[in-house]
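Here is what each chain is made of, one letter per residue.
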Amino acid sequence: MFQYKKAVCRKIPRSIVDGGIRMEKEEKPLDYDLAVQQHDDMVKALESLGVDVTVLETDESTPDCVFVEDPAVIIGDTVLITNPGADSRKPETKIMKEYFKTNEPHLKIVEMESPATLDGGDIMFTGREIFVGQSRRTNEAGYLRLKEAFPNYPVHLVAIQNETLHLKSMMTMGDEDVILCGSSPDASAAIEIVQEKASHLYSVIRTPEDSGANVVIVNGTILRRSDLSKSAQVVSKLSIPKIDLNASELSKVDGCLTCCSLLYN
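Rules used throughout
Residues numbered from 1 in each chain as written. Predicted model: local features only at pLDDT ≥ 70, side-chain atom pairs only at ≥ 80, totals over all residues. Heavy atoms only, no water. Phe/Tyr/Trp six-rings, centres within 6.5 Å; stacked < 30°, edge-to-face > 60°. Buried < 20%, exposed > 50% of the residue type's maximum accessible area, 1.4 Å probe, protein only. Pairing = 2+ DSSP bridges. Helix = DSSP H or I, 4+ residues; strand = E, 2+ residues; numbered from the N terminus. Axes fitted to C-alpha atoms, helices over the stretch in contact; angles between N-to-C directions. Right-handed = clockwise from strand over helix to strand, strands pointing away. 1 Å grid on protein atoms, 1.4 Å probe; cavity = no way out; pocket = protein on both sides within 12 Å on 5 of 7 lines; lining within 4 Å. Points joined across faces, edges and corners; volume = space filled by probe spheres on them. Nonpolar A, V, L, I, M, F, W, Y, C, P; charged D, E, K, R; others polar. Contact = heavy atoms within 4.5 Å. Polar contact = N/O pair within 3.5 Å; in protein donor to acceptor, adjacent residues only side chain to side chain.

Trainee: Please explain the packing of aromatic side chains as it appears in this structure.
Mentor: The way to describe two aromatic rings as a pair is by their centre distance and the angle between their planes. Evaluation of the coordinates by the stated rule reveals three aromatic pairs. Ring geometry for Tyr99 against Phe100: centres 5.1 Å apart, planes inclined by 80 degrees, an arrangement best described as edge-to-face. Taking relative accessible area as the criterion, Tyr99 reaches 9% and is therefore assigned buried. Here the aromatic residues Tyr99, Phe100 and Tyr264 are joined through ring pairs into a cluster of three or more.

See below:
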């Protein structure tokens, strides 16, 4: 679990500064150059952990395309090309499909079509089962299509309140048997559903900030956000090594650490 050989990332378009989707208006503008540096640091962190990272070219016509987690979901030997919930993001699926078709012929490609919509940020895979956030971007038809695509795992639907973008905006796996979860009312409601539906018993560690619960576990190491110091201290309780990454800029357009890479074998 959480052992990966490869990752796909994508460069950041300048159009994200003014065109990136935001749930709320950010008072401070996104610093593009700093965002690029922080993204480069994330790529270097993955490479330092033995991951072969491919960084795809960007597309100025799709301001949010750096968030490669949303247009595809990879579990095992199957890639589900999604149908993102925001219209501006639907074109992002084309390059992801082309990449995997050309470079990873051993992977099975499955596609999603309307009326099903799904963002990969709503998918939390525990290694045993899959939780799907039913959010403003992911609908029940999307959940059912994902369930068809990955028949070997239990798949559970988790209602997400409109104040939160994605399921993984407020919780991710902190270890094989640990879920990190934020402390907002939305997070509390969602983790209650997760615990009710789970087929396995997970311990839950709460972080003061929802976004501080979004971490990436790669080959025995946790990538965590250094710019959320209170949550970083909570994550310190986990006994595996950590790498600190500042994600202050992409967070201004609702980006989390998991958003910027697709990890697979």
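Trainee: Explain the sheet that holds strand β7 (residues 130-134) to me, please; I cannot follow it from the model alone.
Mentor: Paired through backbone hydrogen bonds, the strands of a sheet run either parallel or antiparallel to each other. Judged by pairing direction, the sheet is mixed, and its three strands sit side by side in the order β6-β7-β8 without closing on themselves. Every interior strand has two partners, whereas the edge strands, β6 (123-125) and β8 (155-159), have only one. When the angles between neighbouring strand axes are averaged without regard to direction, this sheet yields 20 degrees. Both β7 and β8 contribute to a ladder of five bridges, which runs parallel.

Trainee: Before we go on, may I ask you to explain the pairing of strand β11 (residues 203-206) in this structure?
Mentor: A regular strand carries its side chains on alternate faces of the sheet. Pairing of strand β10 (residues 178-181) with β11, which is carried by four bridges, proceeds in the parallel orientation. Bridging from a neighbouring strand, Cys181 pairs with Arg206 of β11. Each parallel crossover has a hand, and the one from β10 via helix α5 (residues 185-197) to β11 is right-handed.

Trainee: Would you mind going over empty space enclosed by the protein with me for this structure?
Mentor: Over the atoms, a rolled probe matching the size of one water molecule traces out where space is still vacant. For the structure shown, the criterion picks out two cavities of 30 Å³ or more. What the largest cavity holds in volume is close to 120 Å³. Forming the boundary of the largest cavity are 13 residues, of which Gln38, Ala247, Leu250, Leu257 and Cys260 lie nearest the centre. Ranked by residue count, the leading element in the lining of the largest cavity is helix α2 (residues 32-48), at four residues. Here the second largest cavity is characterised by a volume of approximately 90 Å³. Around the second largest cavity, the lining residues are Ile21, Asp64, Phe67, Asp70, Arg89, Arg137, Leu165, His166, Val253, Asp254, Gly255 and Cys259. Across the lining of the second largest cavity, the residue classes break down as five nonpolar, two polar and five charged.

Trainee: I tried to follow the environment of Asn246 on my own but got confused; where do I start?
Mentor: Mapped onto the elements of the fold, Asn246 is located in the loop between β14 (242-245) and β15 (262-264). If sequence neighbours within four positions are ignored, Asn246 has contacts with Gln38, Ser226 and Asp227. A polar contact of 3.1 Å, which involves the side chain of Asn246, links it to the side chain of Gln38. Within polar-contact distance, the side chain of Asn246 engages the backbone nitrogen of Ser248 at 2.9 Å.

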